[in-house]
Amino acid sequence: QVQLVESGGGLVQPGGSLRLSCAASISIFDIRNMGWYRQAPGKQRELVATIGSGGNTNYADSVKGRFTISRDDAKNTVYLQMNSLKPEDTAVYYCRMTIGYAVYWGQGTQVTLSS
């Protein structure tokens, strides 16, 4: 059974940084698409960043230049480095993996910006 476990969320001040991790229960070496999404209170879940098996990346305009997605296939882990955090980045962040037509989600990790 495929499982994704996120970690690294927390409470941070605006301008601060966090690094989220998503550990998969299977090898991600051949997984073509993995990504991070987020859902703020009262809003729909939205794409933050994705990364392909070749390392190609895609970012939402709202996080470009501040967030960096990366993957370590040896550790079956995808990361999201978040810098220059803003109050509007407050959300539950979810890891997502697609295998063919199957989509897997983690349980989410809360990121809260507070001064």
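Not measured: the values here are computed from a predicted model. (Residues numbered from 1 in each chain as written. Predicted model: local features only at pLDDT ≥ 70, side-chain atom pairs only at ≥ 80, totals over all residues. Heavy atoms only, no water.)

**Structural notes on the overall build of the protein chain**
Within the protein chain, the regular secondary structure consists of zero helices and 11 strands. Overall, the protein chain shows an N-to-C arrangement of helices and strands of β-β-β-β-β-β-β-β-β-β-β. Compactness check: the protein chain gives a C-alpha radius of gyration of 13 Å against a globular reference of 13 Å for 115 residues, within 12% of the reference. When its C-alpha atoms are laid out on the principal axes, the protein chain stretches across 40 × 25 × 20 Å. The burial tally for the protein chain puts 42% of its 115 residues in the buried class. Of the contacts made within the protein chain by residues no fewer than 6 positions apart, 54% connect residues no fewer than 24 positions apart. A total of about 6200 Å² of accessible surface is found on the protein chain, and carbon and sulfur atoms cover 46% of it. In the protein chain, 11 positive and 8 negative side-chain charges are present, and the distance between their average locations comes to 2 Å. (Helix = DSSP H or I, 4+ residues; strand = E, 2+ residues; numbered from the N terminus. Rg over C-alpha atoms; globule rule 2.2 N^0.38 Å. Buried < 20%, exposed > 50% of the residue type's maximum accessible area, 1.4 Å probe, protein only. Contact = heavy atoms within 4.5 Å. Areas by Shrake-Rupley, 256 points an atom, 1.4 Å probe, with all protein chains shown as cover. Lys, Arg positive; Asp, Glu negative; His and termini not counted. Charge placed at Lys NZ, Arg CZ, Asp CG, Glu CD.)

**Digging into the side chain of Thr50**
As for its placement among the helices and strands, Thr50 is situated in strand β5 (residues 46–52). The exposure class assigned to Thr50 is buried, which follows from its relative accessible area of 10%. Leave out the neighbours within four places in its chain, and Thr50 touches Asn33, Met34, Gly35, Tyr37, Asn56, Thr57, Asn58 and Ile69.

**Here we look at the pairing of strand β7 (residues 67–72)**
Judged by which residues are buried, β7 turns out to be one-sided: Phe67, Ile69 and Arg71 face inward and are buried, whereas Thr68, Ser70 and Asp72, on the alternate face, are not. Taking the residues between adjacent antiparallel strands as the criterion, β7 and strand β8 (residues 77–82) are bridged by four residues, where Asn76 takes a positive phi near 55 degrees. (Pairing = 2+ DSSP bridges.)

**Some words on the packing of aromatic side chains**
In total, this model carries two aromatic pairs according to the counting rule given. Aromatic side chains Tyr37 and Trp105 sit 5.2 Å apart centroid to centroid with 70 degrees between the ring planes, which places their arrangement in the edge-to-face category. Of this pair, Tyr37 sits in strand β4 (residues 33–39) while Trp105 is found in strand β10 (residues 102–105), placing the two residues 68 residues apart along the sequence. Given the relative accessible area of 13%, Tyr37 is considered buried. Among the aromatic side chains, those forming a connected cluster through ring pairs are Tyr37, Tyr94 and Trp105. A cation over a ring is seen here: Arg45 above Tyr94, with NZ or CZ 3.7 Å from the ring centre. The residue whose ring lies beneath Arg45 is Trp105, and the NZ or CZ to ring-centre distance is 4.6 Å. (Phe/Tyr/Trp six-rings, centres within 6.5 Å; stacked < 30°, edge-to-face > 60°. Lys NZ or Arg CZ within 6 Å of the ring centre and 35° of its normal.)

**With respect to the side chain of Thr77**
If you trace the backbone, Thr77 turns up in strand β8. Side-chain polar atoms of Thr77 contact the backbone oxygen of Lys75, separated by 2.8 Å. Setting aside residues up to four positions removed in sequence, Thr77 forms contacts with Ser21, Cys22, Ala23, Ile28, Ser70, Arg71 and Asp72. (Polar contact = N/O pair within 3.5 Å; in protein donor to acceptor, adjacent residues only side chain to side chain.)

**Quick look at unusual backbone geometry**
One non-glycine residue, Asn76, lies in the positive phi region at around 55 degrees. Among the structural elements, Asn76 can be located in the loop between β7 and β8. The residue Ser84 is not glycine, and still its phi comes out positive at about 50 degrees.

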